[in-house]
Amino acid sequence: MEKDAKIYIAGHRGMVGSSIYRLLEEKGFTNLLVRTSKELDLRNQQDVFEFFEKEKPDYVFLAAAKVGGIVANNTYRADFLYENLAIQNNVIHASHVNEVNKLMFLGSSCIYPKLAPQPLKETYLLTGELEPTNEPYAIAKIAGIKMCESYRDQYNSRFISVMPTNLYGKNDNYHPQNSHVLPALISRFHEAKLSGASEVTIWGTGTPLREFLYADDLAEACLFLMENYEEKEFVNIGTGTDISIKDLATLIKETVGFEGEIKFDTSKPDGTPRKLMDVSKLSELGWKYKIPLEKGIQLAYEDFLKNN
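Residues numbered from 1 in each chain as written. Predicted model: local features only at pLDDT ≥ 70, side-chain atom pairs only at ≥ 80, totals over all residues. Heavy atoms only, no water.

With that out of the way, let us pick up the pattern of salt bridges. Taken as a whole and judged by the stated rule, the model has 14 salt bridges. Between lysine 102 and glutamate 230 there is a salt bridge, with the nearest N and O atoms lying 3.0 Å from each other. You can see lysine 102 sitting in strand β4 (residues 102-106) and its partner glutamate 230 sitting in the loop between α7 (215-228) and β10 (235-237), a full 128 residues away along the chain. Relative accessible area serves as the criterion here: at 33%, glutamate 230 is assigned to the partly exposed category. (Salt bridge = Lys/Arg side-chain N within 4 Å of Asp/Glu carboxyl O. Helix = DSSP H or I, 4+ residues; strand = E, 2+ residues; numbered from the N terminus. Buried < 20%, exposed > 50% of the residue type's maximum accessible area, 1.4 Å probe, protein only.)

With respect to the helices, strands and loops of the structure, threonine 133 is situated in the loop between β4 and α5 (135-155). Residue classification places threonine 133 among the buried positions, given a relative accessible area of 13%. Only 2.6 Å separates the side chain of threonine 133 from the side chain of glutamate 131, close enough to count as a polar contact. Ignoring any residue separated from it by four or fewer positions in sequence, one finds threonine 133 in contact with Ile70, Asn73, Asn74 and Arg77. (Polar contact = N/O pair within 3.5 Å; in protein donor to acceptor, adjacent residues only side chain to side chain. Contact = heavy atoms within 4.5 Å.)

For sheets, the rule is that strands pair by backbone hydrogen bonds, running either parallel or antiparallel. If you walk across this open sheet you meet the three strands as β11-β8-β13, and the pairing is mixed. What marks the edges here is a single partner per strand, and that holds for β11 (243-244) and β13 (274-275). In this sheet, β13 lies alongside strand β8 (residues 209-210) in parallel orientation, the contact comprising two bridges. Within β13, the residue paired with arginine 210 across the bridge is lysine 275. (Pairing = 2+ DSSP bridges.)

For soluble globular proteins, nonpolar side chains are generally found buried alongside one another. Ranked by internal contacts, the top residues of the largest apolar core, which has 40 residues, are Tyr8, Leu42 and Phe52. Contributions of two or more residues to this core are made by β1 (7-10), α2 (45-55), β3 (59-62), α4 (77-97), β4, α5 and β5 (159-164). The leading source of residues in this core is α5, at seven residues. Contacts of tyrosine 8, omitting those with residues within four sequence positions, involve Leu33, Val34, Arg35, Leu40, Leu42, Phe51, Phe52, Pro57, Tyr59, Val60 and Phe61. With 33 residues, the next largest nonpolar core counts Leu24, Phe29, Met104 and Ala215 among its residues. (Core = buried A, V, L, I, M, F, W, Y, C linked by side-chain atoms within 4.5 Å.)

Evaluation of the coordinates by the stated rule reveals 11 aromatic pairs. Here the aromatic rings of tyrosine 151 and tyrosine 155 are separated by 5.6 Å at their centres, their planes lie at 50°, and the arrangement is tilted. A residue pair is termed a helical-turn pair when its members lie 3 or 4 positions apart in one helix, as tyrosine 151 and tyrosine 155 do in helix α5 at four residues. Tyrosine 151 sits in the buried class, given a relative accessible area of 13%. Residue class for tyrosine 155 comes out partly exposed when judged on its relative accessible area of 40%. Here the aromatic cluster, defined as three or more aromatic residues joined through ring pairs, consists of Tyr8, Phe51 and Phe52. Across the ring face of phenylalanine 29, the terminal group of lysine 3 is positioned such that the distance to the ring centre comes to 4.3 Å. Stacked on the ring of phenylalanine 80, the Lys or Arg lysine 66 has its end atom at 5.4 Å from the ring centre. (Phe/Tyr/Trp six-rings, centres within 6.5 Å; stacked < 30°, edge-to-face > 60°. Lys NZ or Arg CZ within 6 Å of the ring centre and 35° of its normal.)

The parallel open sheet is built from six strands, whose spatial order is β2-β1-β3-β4-β5-β10. Each having just a single partner strand, β2 (32-33) and β10 make up the two edges of the open sheet. Here β4 pairs with β5 via four bridges, running parallel. Looking across to β5, one finds that leucine 103 is bridged to phenylalanine 159. Set on the sheet, α4 makes contact with β3, β4 and β5; between it and β3 the angle comes to about 170°. (Axes fitted to C-alpha atoms, helices over the stretch in contact; angles between N-to-C directions.)

The omega angle of the peptide bond from glutamine 118 to proline 119 is -5°, so this bond is cis rather than trans. Take proline 119: it is sitting in the loop between β4 and α5. A positive phi angle, near 60°, is found at asparagine 156, a position not held by glycine. Of note, asparagine 156 is situated in the loop between α5 and β5.

Our next topic: the UniProt feature "active site" (unreviewed entry) in the protein chain. Sites flagged by UniProt as "active site" (unreviewed entry) map to Tyr137. In this fold, tyrosine 137 is placed in helix α5. Given the relative accessible area of 9%, tyrosine 137 is considered buried. Contact partners of tyrosine 137, with chain neighbours within four places excluded, come to Lys66, Val67, Asn73, Phe80, Asn84, Ser108 and Cys110. (UniProt positions renumbered as here; feature names shortened; annotations may be inferred.)

Put into structure tokens, the structure is as follows:
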């Protein structure tokens, strides 16, 4: 990408979009295009089409989405399906109509079948049933991948897709009901520490295995792929290593400095037993993550203290 190219970052206030924005600024890109959700509702087709027709971006990072953890995904099923489909449809089609040079669509590791073999290879998409608790969100993301592939097939559009693993970092969502597991645990252990609580109860058994990538590492991978990857098939982005929820909770507890007990409510669902990305494709292209989980959690907690 040229340093003066007009680059639209959809979702620049979210954790992923803001990481991409900061990185592009640091790398000397001078023509970054952003709009808040109040300035531009990506669910509104007419507004999106007028924006693209006026601004004519050269490159698009589609990081805007309605996101949340297991509780939010399972509670607001219609919202997750409708809003994500609307955002994707509008931005991808407007990019095609206005001849955007290249677009990157950011998906999610929840696209894979619940019981797919581990680690998750890109070829496992659509080979089995999805995890029921986040099926609407997963279906929307799968549709986004297929939309990019289809526009490439029919119109030769330079639309690529990437599948990040579980993410955390600066500007994360720490809402007690609507956040993902890692930021939710940071918030809960911090509150328990302040209140002097003797224990923190976590949903499930603590045995599910999850992989976590610091959002600044994801931004580096996205820029690398935007500049170096041209294939139709989507690319997994992750660390290639995982940790149990129990061990993650212990690590966060120690980082926060909470001295009470961790308890598990086994009447609540665990979700997918394991979600580990096969990142061999990305590794072969020449990219690897830099920030280990321990350091990343410390950075995330510092950001939490600063902004909450």
